[in-house]
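Secondary and tertiary structure notes
If you want the building blocks of each chain, they are given just below.
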Amino acid sequence: MKVEVHFRLPDNSVRKVEATCGLSLMEAGKQAGVPGIIGDCGGGAMCATCHVYVDPDWQDRAGEPEATESLMLQLTEEQRDNSRLSCQITVEEELDGLVVEVPEEHI
Amino acid sequence: MSAKVTQVVIVGGGLAGVETAFSLRRLGWEDDLVVVDVEAELPYERPPLSKAILLGKTDAHRIRLRPPELYEQLGVTRLAGRRATSLDLAKQSVKLSDGTALDYHALVLATGAAPRRLQVPGNTLPGVLMLRTLSDSLALRSSLTLGVRLTVVGGGYLGLEVAAAAAQMGARVTLIEAGNRLLQRSGSRVLGDILANCLEREGVSIALDETVACFRGETCVEAVETTSGRLFQTDLALVAIGAAPNGELVHEAGLSGPAGILVDAEARTSLPNVYAVGDCANFHDPRFGRHARLESVQSATWQARIAAAGITGTGAPKPKHAYFWSELFDMKIQIAGYADPSTPSHEELVGNQAEGLAIYRFQHGRLAAVECINRPINFVQAQLLIGRVARNLVDLKEVKVES
(Lines give C-alpha, C1' and ligand atoms only; values in the text may rest on other atoms or scores of the structure.)
Protein backbone atom coordinates (compact mmCIF):
# COMPACT_ATOMS: atom_id res chain seq x y z
CA MET A 1 0.00 0.00 0.00
CA LYS A 2 1.33 3.43 -0.96
CA VAL A 3 0.33 6.92 0.08
CA GLU A 4 1.37 10.33 -1.16
CA VAL A 5 3.44 12.55 1.10
CA HIS A 6 4.69 16.05 0.37
CA PHE A 7 8.04 17.51 1.30
CA ARG A 8 8.13 21.31 1.05
CA LEU A 9 11.67 22.57 0.44
CA PRO A 10 13.17 25.88 1.58
CA ASP A 11 12.72 27.32 -1.93
CA ASN A 12 8.98 26.58 -1.52
CA SER A 13 8.97 23.89 -4.17
CA VAL A 14 7.15 20.70 -3.18
CA ARG A 15 8.37 17.15 -3.75
CA LYS A 16 5.54 14.62 -3.99
CA VAL A 17 6.64 11.18 -2.93
CA GLU A 18 4.83 7.86 -3.27
CA ALA A 19 5.65 6.32 0.08
CA THR A 20 5.23 2.68 0.99
CA CYS A 21 3.32 2.13 4.23
CA GLY A 22 5.46 0.62 6.94
CA LEU A 23 8.59 2.51 5.95
CA SER A 24 9.64 5.49 7.99
CA LEU A 25 9.10 8.92 6.49
CA MET A 26 12.90 9.31 6.46
CA GLU A 27 13.31 6.11 4.40
CA ALA A 28 10.59 7.24 2.00
CA GLY A 29 12.20 10.66 1.57
CA LYS A 30 15.69 9.29 1.21
CA GLN A 31 14.62 6.66 -1.33
CA ALA A 32 13.05 9.40 -3.39
CA GLY A 33 16.15 11.55 -3.09
CA VAL A 34 14.50 14.43 -1.25
CA PRO A 35 17.21 17.00 -0.46
CA GLY A 36 17.87 17.52 3.23
CA ILE A 37 16.62 14.09 4.31
CA ILE A 38 19.89 12.42 5.11
CA GLY A 39 19.34 9.76 7.77
CA ASP A 40 22.98 9.10 8.61
CA CYS A 41 22.28 6.71 11.47
CA GLY A 42 19.87 4.55 9.53
CA GLY A 43 16.83 5.50 11.55
CA GLY A 44 17.95 5.18 15.15
CA ALA A 45 17.09 8.73 16.26
CA MET A 46 20.81 9.29 16.79
CA CYS A 47 21.88 11.91 14.31
CA ALA A 48 19.01 14.38 13.72
CA THR A 49 19.81 14.57 10.00
CA CYS A 50 16.21 13.86 9.00
CA HIS A 51 14.62 16.78 10.84
CA VAL A 52 11.30 18.05 9.42
CA TYR A 53 8.55 20.47 10.44
CA VAL A 54 5.15 18.79 10.30
CA ASP A 55 2.45 20.98 8.79
CA PRO A 56 0.20 22.12 11.68
CA ASP A 57 -2.82 20.48 10.02
CA TRP A 58 -1.05 17.14 10.25
CA GLN A 59 0.55 17.42 13.67
CA ASP A 60 -2.15 15.41 15.48
CA ARG A 61 -2.01 12.53 13.05
CA ALA A 62 1.79 12.47 12.88
CA GLY A 63 1.98 12.39 16.67
CA GLU A 64 4.28 13.85 19.27
CA PRO A 65 7.97 13.01 19.63
CA GLU A 66 8.99 10.54 22.31
CA ALA A 67 11.50 11.41 25.03
CA THR A 68 14.69 10.48 23.18
CA GLU A 69 13.54 12.11 19.99
CA SER A 70 12.68 15.32 21.88
CA LEU A 71 16.19 15.48 23.28
CA MET A 72 17.67 14.85 19.87
CA LEU A 73 15.57 17.65 18.40
CA GLN A 74 17.29 20.07 20.75
CA LEU A 75 20.44 19.48 18.72
CA THR A 76 18.89 20.72 15.50
CA GLU A 77 19.63 24.22 14.30
CA GLU A 78 16.12 25.57 14.66
CA GLN A 79 13.73 23.55 16.73
CA ARG A 80 10.05 24.49 16.54
CA ASP A 81 7.01 23.06 18.28
CA ASN A 82 6.20 21.06 15.13
CA SER A 83 9.71 19.59 14.79
CA ARG A 84 10.00 15.84 14.31
CA LEU A 85 12.67 13.39 13.23
CA SER A 86 11.21 11.83 10.10
CA CYS A 87 12.80 8.47 10.96
CA GLN A 88 10.42 8.28 13.91
CA ILE A 89 7.27 8.77 11.82
CA THR A 90 5.91 5.60 10.25
CA VAL A 91 4.15 6.05 6.93
CA GLU A 92 0.60 4.77 7.24
CA GLU A 93 -2.71 5.04 5.47
CA GLU A 94 -3.97 7.91 7.61
CA LEU A 95 -0.95 9.97 6.63
CA ASP A 96 -2.01 10.01 2.97
CA GLY A 97 -1.50 13.61 1.90
CA LEU A 98 0.91 14.47 4.75
CA VAL A 99 2.80 17.73 4.34
CA VAL A 100 6.16 18.34 5.99
CA GLU A 101 8.67 21.11 5.57
CA VAL A 102 12.39 20.38 5.17
CA PRO A 103 14.63 22.84 7.01
CA GLU A 104 17.60 24.52 5.33
CA GLU A 105 19.96 22.77 7.76
CA HIS A 106 21.09 19.76 5.71
CA ILE A 107 20.49 21.00 2.18
CA MET B 1 43.51 21.85 -27.77
CA SER B 2 41.23 19.28 -26.13
CA ALA B 3 37.82 20.20 -24.80
CA LYS B 4 37.65 21.20 -21.18
CA VAL B 5 36.98 18.19 -18.96
CA THR B 6 34.11 18.80 -16.58
CA GLN B 7 33.69 15.32 -15.22
CA VAL B 8 33.95 14.32 -11.57
CA VAL B 9 35.23 10.78 -11.13
CA ILE B 10 34.59 9.06 -7.81
CA VAL B 11 36.52 5.88 -7.16
CA GLY B 12 34.56 3.68 -4.77
CA GLY B 13 30.89 2.81 -4.41
CA GLY B 14 30.69 2.61 -0.63
CA LEU B 15 28.91 5.14 1.55
CA ALA B 16 31.57 7.85 1.17
CA GLY B 17 31.64 7.59 -2.62
CA VAL B 18 27.89 7.50 -3.11
CA GLU B 19 27.33 10.27 -0.59
CA THR B 20 29.86 12.42 -2.45
CA ALA B 21 28.00 11.84 -5.73
CA PHE B 22 24.56 12.70 -4.39
CA SER B 23 25.90 15.64 -2.37
CA LEU B 24 27.41 17.03 -5.56
CA ARG B 25 24.01 16.90 -7.24
CA ARG B 26 22.36 18.43 -4.18
CA LEU B 27 24.90 21.25 -4.26
CA GLY B 28 24.17 21.97 -7.90
CA TRP B 29 26.91 20.10 -9.76
CA GLU B 30 25.42 19.73 -13.25
CA ASP B 31 28.19 18.16 -15.25
CA ASP B 32 29.11 14.49 -15.59
CA LEU B 33 29.49 12.37 -12.52
CA VAL B 34 30.92 8.85 -12.58
CA VAL B 35 31.22 6.37 -9.72
CA VAL B 36 33.65 3.51 -10.31
CA ASP B 37 32.58 0.60 -8.14
CA VAL B 38 34.45 -2.68 -7.68
CA GLU B 39 31.26 -4.34 -6.55
CA ALA B 40 28.51 -5.36 -8.94
CA GLU B 41 25.90 -4.91 -6.23
CA LEU B 42 24.05 -1.60 -5.99
CA PRO B 43 25.70 0.42 -3.16
CA TYR B 44 24.46 -0.52 0.29
CA GLU B 45 24.89 0.28 3.98
CA ARG B 46 27.54 -1.78 5.72
CA PRO B 47 26.55 -1.58 9.41
CA PRO B 48 23.68 -4.11 9.00
CA LEU B 49 26.04 -6.71 7.48
CA SER B 50 27.15 -7.84 10.92
CA LYS B 51 23.73 -7.32 12.52
CA ALA B 52 20.33 -7.34 10.81
CA ILE B 53 21.46 -9.01 7.56
CA LEU B 54 23.29 -11.77 9.42
CA LEU B 55 20.26 -12.36 11.62
CA GLY B 56 17.92 -12.33 8.63
CA LYS B 57 16.00 -9.37 10.10
CA THR B 58 16.33 -7.34 6.93
CA ASP B 59 17.18 -8.12 3.35
CA ALA B 60 19.55 -6.81 0.74
CA HIS B 61 17.23 -4.37 -1.02
CA ARG B 62 16.25 -2.59 2.20
CA ILE B 63 19.84 -1.63 2.93
CA ARG B 64 20.48 0.04 -0.42
CA LEU B 65 21.89 3.52 -0.04
CA ARG B 66 19.70 4.83 -2.88
CA PRO B 67 17.09 3.16 -5.09
CA PRO B 68 18.33 2.19 -8.58
CA GLU B 69 16.15 4.72 -10.41
CA LEU B 70 17.64 7.64 -8.49
CA TYR B 71 21.05 7.14 -10.08
CA GLU B 72 19.44 7.46 -13.47
CA GLN B 73 17.20 10.35 -12.48
CA LEU B 74 20.07 12.39 -11.09
CA GLY B 75 22.59 11.40 -13.71
CA VAL B 76 24.96 9.49 -11.47
CA THR B 77 26.72 7.02 -13.77
CA ARG B 78 27.82 3.84 -12.06
CA LEU B 79 30.58 1.78 -13.63
CA ALA B 80 30.10 -1.42 -11.65
CA GLY B 81 32.41 -4.38 -11.39
CA ARG B 82 35.41 -2.31 -12.37
CA ARG B 83 38.50 -1.24 -10.52
CA ALA B 84 40.64 1.85 -10.96
CA THR B 85 44.10 0.54 -11.69
CA SER B 86 46.29 3.57 -12.26
CA LEU B 87 46.39 7.30 -12.24
CA ASP B 88 47.92 9.69 -14.76
CA LEU B 89 48.34 12.87 -12.76
CA ALA B 90 49.69 14.96 -15.62
CA LYS B 91 46.75 14.11 -17.85
CA GLN B 92 44.24 14.05 -14.97
CA SER B 93 43.07 10.63 -16.03
CA VAL B 94 42.21 7.35 -14.28
CA LYS B 95 42.65 3.99 -15.95
CA LEU B 96 40.17 1.21 -15.20
CA SER B 97 40.53 -2.58 -15.12
CA ASP B 98 38.53 -2.89 -18.35
CA GLY B 99 41.11 -0.77 -20.18
CA THR B 100 39.08 2.43 -20.42
CA ALA B 101 40.44 5.73 -19.20
CA LEU B 102 38.40 8.47 -17.58
CA ASP B 103 39.54 12.08 -17.64
CA TYR B 104 38.59 14.08 -14.60
CA HIS B 105 38.12 17.66 -13.56
CA ALA B 106 38.10 16.44 -9.97
CA LEU B 107 38.89 12.99 -8.61
CA VAL B 108 37.47 11.70 -5.34
CA LEU B 109 39.12 8.64 -3.82
CA ALA B 110 36.59 6.74 -1.75
CA THR B 111 38.35 3.42 -2.01
CA GLY B 112 37.50 2.25 1.51
CA ALA B 113 39.44 -0.25 3.54
CA ALA B 114 40.07 -3.96 3.25
CA PRO B 115 39.92 -6.43 6.12
CA ARG B 116 43.35 -7.24 7.47
CA ARG B 117 44.48 -10.81 6.84
CA LEU B 118 46.04 -12.86 9.55
CA GLN B 119 49.46 -13.67 8.15
CA VAL B 120 49.66 -17.20 9.53
CA PRO B 121 49.81 -20.65 7.94
CA GLY B 122 46.43 -21.96 6.84
CA ASN B 123 44.87 -18.54 6.37
CA THR B 124 43.63 -19.45 2.90
CA LEU B 125 41.88 -22.67 3.95
CA PRO B 126 38.21 -22.79 3.01
CA GLY B 127 36.16 -21.83 6.04
CA VAL B 128 38.52 -19.04 7.09
CA LEU B 129 36.28 -16.05 6.38
CA MET B 130 36.28 -12.28 6.52
CA LEU B 131 33.38 -9.87 6.54
CA ARG B 132 33.29 -6.69 4.50
CA THR B 133 30.78 -7.06 1.69
CA LEU B 134 27.15 -8.05 1.35
CA SER B 135 28.16 -11.31 -0.28
CA ASP B 136 30.54 -12.03 2.65
CA SER B 137 27.63 -11.48 5.02
CA LEU B 138 25.21 -13.66 3.06
CA ALA B 139 27.82 -16.43 2.79
CA LEU B 140 28.46 -16.32 6.52
CA ARG B 141 24.75 -16.31 7.24
CA SER B 142 24.16 -19.43 5.18
CA SER B 143 27.01 -21.24 6.99
CA LEU B 144 25.69 -20.42 10.44
CA THR B 145 23.53 -23.46 10.93
CA LEU B 146 22.39 -24.75 14.31
CA GLY B 147 25.26 -26.19 16.31
CA VAL B 148 28.00 -25.14 13.89
CA ARG B 149 31.25 -24.17 15.62
CA LEU B 150 32.45 -20.67 14.80
CA THR B 151 35.70 -19.17 16.01
CA VAL B 152 35.85 -15.40 15.80
CA VAL B 153 39.34 -13.94 15.80
CA GLY B 154 39.36 -10.36 17.07
CA GLY B 155 37.58 -8.63 19.93
CA GLY B 156 36.64 -5.36 18.23
CA TYR B 157 33.09 -4.30 17.41
CA LEU B 158 32.87 -6.39 14.26
CA GLY B 159 34.01 -9.54 16.05
CA LEU B 160 31.62 -8.90 18.93
CA GLU B 161 28.67 -8.25 16.66
CA VAL B 162 29.26 -11.41 14.65
CA ALA B 163 29.80 -13.48 17.80
CA ALA B 164 26.51 -12.20 19.24
CA ALA B 165 24.54 -12.74 16.02
CA ALA B 166 25.98 -16.22 15.52
CA ALA B 167 25.18 -17.20 19.11
CA GLN B 168 21.61 -16.02 18.58
CA MET B 169 21.41 -18.23 15.51
CA GLY B 170 22.41 -21.27 17.52
CA ALA B 171 26.08 -21.50 16.57
CA ARG B 172 28.64 -22.53 19.18
CA VAL B 173 30.91 -19.52 19.30
CA THR B 174 34.43 -18.97 20.59
CA LEU B 175 36.02 -15.55 20.45
CA ILE B 176 39.80 -15.23 20.51
CA GLU B 177 41.45 -11.91 21.32
CA ALA B 178 45.18 -11.21 21.43
CA GLY B 179 44.86 -8.44 24.02
CA ASN B 180 43.86 -8.77 27.64
CA ARG B 181 40.38 -7.32 27.09
CA LEU B 182 37.76 -6.70 24.44
CA LEU B 183 37.45 -3.44 22.49
CA GLN B 184 41.07 -2.57 23.11
CA ARG B 185 41.24 -0.12 20.20
CA SER B 186 37.70 1.14 20.26
CA GLY B 187 36.23 1.24 23.72
CA SER B 188 36.82 1.54 27.43
CA ARG B 189 37.87 -1.41 29.55
CA VAL B 190 34.63 -1.09 31.51
CA LEU B 191 32.55 -1.42 28.36
CA GLY B 192 34.73 -4.27 27.06
CA ASP B 193 34.28 -6.18 30.31
CA ILE B 194 30.52 -5.62 30.43
CA LEU B 195 30.11 -6.84 26.87
CA ALA B 196 32.37 -9.84 27.57
CA ASN B 197 30.03 -10.82 30.44
CA CYS B 198 26.99 -10.48 28.22
CA LEU B 199 28.52 -12.60 25.48
CA GLU B 200 29.53 -15.29 27.97
CA ARG B 201 26.05 -15.32 29.45
CA GLU B 202 24.74 -16.05 25.96
CA GLY B 203 27.08 -18.98 25.58
CA VAL B 204 30.03 -17.40 23.77
CA SER B 205 33.32 -18.62 25.13
CA ILE B 206 36.00 -15.93 25.23
CA ALA B 207 39.75 -16.55 25.19
CA LEU B 208 41.83 -13.44 25.96
CA ASP B 209 45.60 -13.12 25.59
CA GLU B 210 45.58 -15.73 22.83
CA THR B 211 47.38 -15.05 19.56
CA VAL B 212 46.57 -17.20 16.56
CA ALA B 213 49.57 -19.24 15.38
CA CYS B 214 47.87 -21.06 12.51
CA PHE B 215 44.71 -22.51 11.09
CA ARG B 216 44.73 -26.30 10.83
CA GLY B 217 42.76 -28.55 8.51
CA GLU B 218 43.00 -30.90 5.55
CA THR B 219 40.57 -29.56 3.00
CA CYS B 220 38.98 -26.87 5.13
CA VAL B 221 39.57 -25.28 8.50
CA GLU B 222 39.23 -27.73 11.40
CA ALA B 223 41.00 -25.95 14.23
CA VAL B 224 42.62 -22.70 15.26
CA GLU B 225 45.93 -23.06 17.09
CA THR B 226 47.29 -20.29 19.28
CA THR B 227 50.88 -19.49 20.20
CA SER B 228 50.29 -20.75 23.74
CA GLY B 229 49.59 -24.16 22.23
CA ARG B 230 45.81 -24.18 22.70
CA LEU B 231 43.78 -25.81 19.98
CA PHE B 232 40.25 -24.61 19.25
CA GLN B 233 38.30 -27.16 17.18
CA THR B 234 36.06 -25.36 14.75
CA ASP B 235 33.98 -25.58 11.57
CA LEU B 236 34.39 -21.94 10.59
CA ALA B 237 36.70 -19.07 11.49
CA LEU B 238 35.96 -15.40 11.04
CA VAL B 239 38.96 -13.06 11.04
CA ALA B 240 37.93 -9.61 12.28
CA ILE B 241 41.16 -7.88 13.21
CA GLY B 242 40.51 -4.50 11.65
CA ALA B 243 40.80 -3.04 8.19
CA ALA B 244 43.59 -1.35 6.27
CA PRO B 245 42.97 1.67 4.03
CA ASN B 246 43.02 1.06 0.27
CA GLY B 247 45.55 3.54 -1.03
CA GLU B 248 47.30 1.63 -3.84
CA LEU B 249 46.10 4.06 -6.47
CA VAL B 250 48.08 6.96 -5.02
CA HIS B 251 50.92 4.92 -3.58
CA GLU B 252 53.29 5.95 -6.33
CA ALA B 253 52.39 9.58 -5.84
CA GLY B 254 53.52 9.17 -2.23
CA LEU B 255 50.18 10.09 -0.69
CA SER B 256 49.38 6.83 0.93
CA GLY B 257 50.79 5.38 4.13
CA PRO B 258 49.67 2.75 6.60
CA ALA B 259 47.34 5.31 8.15
CA GLY B 260 45.61 6.09 4.88
CA ILE B 261 45.59 8.74 2.18
CA LEU B 262 46.65 12.01 3.72
CA VAL B 263 44.14 14.84 3.30
CA ASP B 264 43.59 18.23 4.87
CA ALA B 265 40.48 19.46 6.67
CA GLU B 266 38.87 20.09 3.28
CA ALA B 267 39.43 16.45 2.24
CA ARG B 268 42.04 17.54 -0.33
CA THR B 269 45.20 15.55 -0.99
CA SER B 270 48.35 17.45 -1.92
CA LEU B 271 47.62 16.66 -5.59
CA PRO B 272 45.59 19.21 -7.50
CA ASN B 273 41.86 18.35 -7.73
CA VAL B 274 42.29 15.03 -5.94
CA TYR B 275 40.25 14.40 -2.80
CA ALA B 276 39.98 11.41 -0.47
CA VAL B 277 37.04 10.61 1.79
CA GLY B 278 35.83 7.88 4.13
CA ASP B 279 37.69 4.82 5.38
CA CYS B 280 40.66 5.34 3.03
CA ALA B 281 41.32 8.90 4.19
CA ASN B 282 43.67 10.05 6.93
CA PHE B 283 41.78 13.27 7.48
CA HIS B 284 43.01 16.37 9.28
CA ASP B 285 40.20 16.40 11.77
CA PRO B 286 39.44 19.91 13.03
CA ARG B 287 37.73 18.44 16.10
CA PHE B 288 40.99 16.90 17.31
CA GLY B 289 43.47 19.23 15.63
CA ARG B 290 45.34 16.31 14.11
CA HIS B 291 45.07 13.64 11.45
CA ALA B 292 42.75 10.74 12.19
CA ARG B 293 41.13 7.91 10.31
CA LEU B 294 37.87 7.02 11.99
CA GLU B 295 35.99 4.24 10.27
CA SER B 296 32.44 5.36 10.81
CA VAL B 297 29.28 6.29 8.96
CA GLN B 298 29.44 9.78 10.33
CA SER B 299 33.04 10.39 9.17
CA ALA B 300 32.23 9.03 5.72
CA THR B 301 29.16 11.19 5.15
CA TRP B 302 30.69 14.30 6.66
CA GLN B 303 33.88 14.07 4.59
CA ALA B 304 31.84 13.30 1.46
CA ARG B 305 29.91 16.53 1.96
CA ILE B 306 33.11 18.45 2.60
CA ALA B 307 34.61 17.18 -0.67
CA ALA B 308 31.40 17.93 -2.58
CA ALA B 309 31.39 21.44 -1.13
CA GLY B 310 35.02 21.90 -2.18
CA ILE B 311 34.34 20.80 -5.75
CA THR B 312 31.26 22.99 -6.11
CA GLY B 313 32.79 25.93 -4.25
CA THR B 314 30.00 26.00 -1.70
CA GLY B 315 30.24 26.26 2.09
CA ALA B 316 31.46 23.17 3.93
CA PRO B 317 29.26 21.58 6.61
CA LYS B 318 30.11 22.38 10.22
CA PRO B 319 31.81 19.67 12.26
CA LYS B 320 29.70 17.67 14.68
CA HIS B 321 30.86 15.32 17.38
CA ALA B 322 31.84 11.85 16.29
CA TYR B 323 29.38 9.12 17.07
CA PHE B 324 29.27 5.37 16.63
CA TRP B 325 26.78 2.65 17.33
CA SER B 326 26.54 -1.08 17.69
CA GLU B 327 23.97 -3.71 18.57
CA LEU B 328 24.52 -6.88 20.55
CA PHE B 329 21.53 -9.02 21.56
CA ASP B 330 19.01 -6.58 23.04
CA MET B 331 21.66 -3.95 23.74
CA LYS B 332 21.73 -0.77 21.76
CA ILE B 333 25.21 0.66 22.19
CA GLN B 334 25.75 4.31 21.31
CA ILE B 335 29.02 6.16 21.64
CA ALA B 336 29.26 9.93 21.51
CA GLY B 337 32.68 11.51 20.97
CA TYR B 338 35.97 9.76 20.55
CA ALA B 339 38.57 8.71 23.09
CA ASP B 340 42.09 8.20 21.82
CA PRO B 341 43.06 4.58 22.58
CA SER B 342 46.73 5.49 22.98
CA THR B 343 46.01 7.93 25.82
CA PRO B 344 45.02 6.93 29.34
CA SER B 345 41.48 7.80 30.30
CA HIS B 346 39.47 8.09 33.47
CA GLU B 347 36.07 6.41 33.43
CA GLU B 348 32.95 6.87 35.50
CA LEU B 349 29.77 4.92 35.27
CA VAL B 350 26.17 6.10 35.55
CA GLY B 351 23.17 3.75 35.83
CA ASN B 352 23.24 -0.02 35.77
CA GLN B 353 22.88 -2.87 33.36
CA ALA B 354 19.21 -3.50 34.09
CA GLU B 355 18.10 0.07 33.40
CA GLY B 356 20.79 1.06 30.96
CA LEU B 357 24.15 2.60 31.70
CA ALA B 358 26.53 5.25 30.48
CA ILE B 359 30.30 5.33 30.79
CA TYR B 360 31.85 8.80 30.83
CA ARG B 361 35.44 8.88 29.57
CA PHE B 362 37.71 11.78 30.49
CA GLN B 363 41.02 12.47 28.73
CA HIS B 364 43.38 15.44 29.04
CA GLY B 365 41.01 17.11 31.51
CA ARG B 366 38.07 17.01 29.12
CA LEU B 367 35.06 14.81 28.49
CA ALA B 368 36.23 12.78 25.48
CA ALA B 369 33.46 10.23 24.96
CA VAL B 370 30.34 8.76 26.48
CA GLU B 371 29.51 5.09 25.88
CA CYS B 372 25.88 4.19 26.42
CA ILE B 373 24.11 0.86 26.64
CA ASN B 374 20.33 1.17 26.34
CA ARG B 375 20.59 4.71 27.63
CA PRO B 376 19.82 7.06 24.74
CA ILE B 377 19.17 10.02 27.01
CA ASN B 378 22.78 10.19 28.06
CA PHE B 379 23.89 9.73 24.47
CA VAL B 380 21.84 12.69 23.32
CA GLN B 381 22.88 14.83 26.25
CA ALA B 382 26.50 13.94 25.60
CA GLN B 383 26.40 15.73 22.26
CA LEU B 384 26.25 18.97 24.20
CA LEU B 385 28.96 17.99 26.69
CA ILE B 386 31.74 16.42 24.62
CA GLY B 387 34.88 18.50 24.83
CA ARG B 388 33.83 20.22 28.08
CA VAL B 389 36.64 20.87 30.52
CA ALA B 390 36.05 18.26 33.21
CA ARG B 391 38.11 15.67 35.00
CA ASN B 392 35.20 13.66 36.36
CA LEU B 393 31.43 13.57 36.83
CA VAL B 394 31.60 15.99 39.74
CA ASP B 395 33.05 18.61 37.39
CA LEU B 396 30.16 17.94 35.04
CA LYS B 397 27.52 18.27 37.78
CA GLU B 398 26.72 21.85 36.93
CA VAL B 399 25.35 20.60 33.63
CA LYS B 400 23.29 17.90 35.32
CA VAL B 401 24.31 14.49 34.17
CA GLU B 402 21.13 12.39 34.14
CA SER B 403 21.56 9.55 36.58
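See the structure above.
As the structure is a prediction and not an experimental result, all values here were calculated from the model. (Residues numbered from 1 in each chain as written. Chains lettered and ligands numbered in written order. Predicted model: local features only at pLDDT ≥ 70, side-chain atom pairs only at ≥ 80, totals over all residues. Heavy atoms only, no water.)

**With respect to the layout of surface pockets**
The computed volume of the second largest pocket comes to approximately 760 Å³. Contributing to the lining of the second largest pocket are 30 residues, with A:Glu105, A:His106, B:Pro317, B:Lys318 and B:Lys320 lying nearest its centre. Of all the secondary structure elements, the ones that give two or more residues to the lining of the second largest pocket are helix H7 (297-312) and helix H8 (376-385) of chain B. Looking at the lining of the second largest pocket element by element, the count peaks at five residues for H7(B). Class assignment of the residues belonging to the lining of the second largest pocket gives a composition of 15 nonpolar, eight polar and seven charged. (1 Å grid on protein atoms, 1.4 Å probe; cavity = no way out; pocket = protein on both sides within 12 Å on 5 of 7 lines; lining within 4 Å. Points joined across faces, edges and corners; volume = space filled by probe spheres on them. Helix = DSSP H or I, 4+ residues; strand = E, 2+ residues; numbered from the N terminus. Nonpolar A, V, L, I, M, F, W, Y, C, P; charged D, E, K, R; others polar.)

**Some words on the pairing of strand E13 (residues 212-216) of chain B**
Looking at chain direction, E13(B) and strand E14 (residues 223-226) of chain B are connected through four bridges and run antiparallel. Residue pairing in the sheet places B:Phe215 in a bridge with B:Val224 of E14(B). (Pairing = 2+ DSSP bridges.)

**With respect to empty space enclosed by the protein**
Using a probe with the size of a water molecule, rolled over the atoms, empty space left in the structure can be pinpointed. All names here are of chain A. Under the criterion given, the structure shown has two cavities of 30 Å³ or more. Around the largest cavity, the lining residues are Val54, Gln59, Gly63, Glu64, Pro65, Asp81, Asn82, Ser83 and Arg84. A breakdown of the residues in the lining of the largest cavity according to their chemical character gives two nonpolar, four polar and three charged. Empty space within the second largest cavity amounts to approximately 30 Å³. Along the walls of the second largest cavity sit Gly39, Cys41, Gly43, Ala45, Met46, Cys47, Ala48, Thr49, Cys50 and Cys87, which together make up its complete lining.

**Some points on H8(B)**
Most of H8(B) sits inside the fold, with seven of its ten residues counted as buried. In this structure, the buried residues of H8(B) make contact with helix H3 (67-73) of chain A together with strand E23 (323-328), strand E24 (331-337), strand E25 (346-352), strand E26 (356-363) and strand E27 (366-373) of chain B. In the segment just after H8(B), B:Gly387 is the residue with positive phi, at about 95°. (Buried < 20%, exposed > 50% of the residue type's maximum accessible area, 1.4 Å probe, protein only. Contact = heavy atoms within 4.5 Å.)

**Focus on the sheet that holds strand E15 (residues 231-233) of chain B**
What links the strands of a sheet is backbone hydrogen bonding, and the strands pair in either a parallel or an antiparallel sense. All names here are of chain B. With antiparallel pairing, three strands are arranged side by side in an open sheet as E13-E14-E15. Every interior strand has two partners, whereas the edge strands, E13 and E15, have only one. Between one strand and the next, the sheet's axes are offset by a mean angle of 20°, whatever the strand orientation. (Axes fitted to C-alpha atoms, helices over the stretch in contact; angles between N-to-C directions.)

**Looking at the interface of chain B and chain A**
Contacts between chain B and chain A engage 22 residues on the former and 20 residues on the latter. For the pair chain B and chain A, the summed buried area comes to about 2,000 Å², and 60% of that belongs to carbon and sulfur atoms. A per-residue breakdown of the area chain B buries against chain A is headed by B:Arg26, B:Tyr323 and B:Val380, which together make up 25% of the total. Counting the contacts that link chain B with chain A gives three salt bridges. In this structure, the salt-bridge partner of A:Asp40 is B:Arg305, at a minimum N-O distance of 3.1 Å. Along the contact surface separating chain B from chain A lie three residue pairs in polar contact (both at pLDDT 80 or more). Going through the elements one at a time, H7, E23, E24 and H8 of chain B are the ones with two or more residues in the side of chain B that touches chain A. Tallied by class, the residues present in the side of chain B that touches chain A amount to eleven nonpolar, three polar and eight charged. (Buried area = accessible area lost by both parts, 1.4 Å probe. Salt bridge = Lys/Arg side-chain N within 4 Å of Asp/Glu carboxyl O. Polar contact = N/O pair within 3.5 Å; in protein donor to acceptor, adjacent residues only side chain to side chain.)

**Let's talk about the environment of A:Val17**
All names here are of chain A. On the secondary structure map, Val17 appears in strand E2 (residues 14-20). We classify Val17 as buried; its relative accessible area is 3%. Taking the C-alpha atoms as reference points, Val17 and Leu73, 56 residues apart in sequence, are found 24 Å from one another. Those residues in contact with Val17, other than ones at most four positions away along the chain, are Val3, Glu4, Val5, Phe7, Ala28, Ala32 and Val34.

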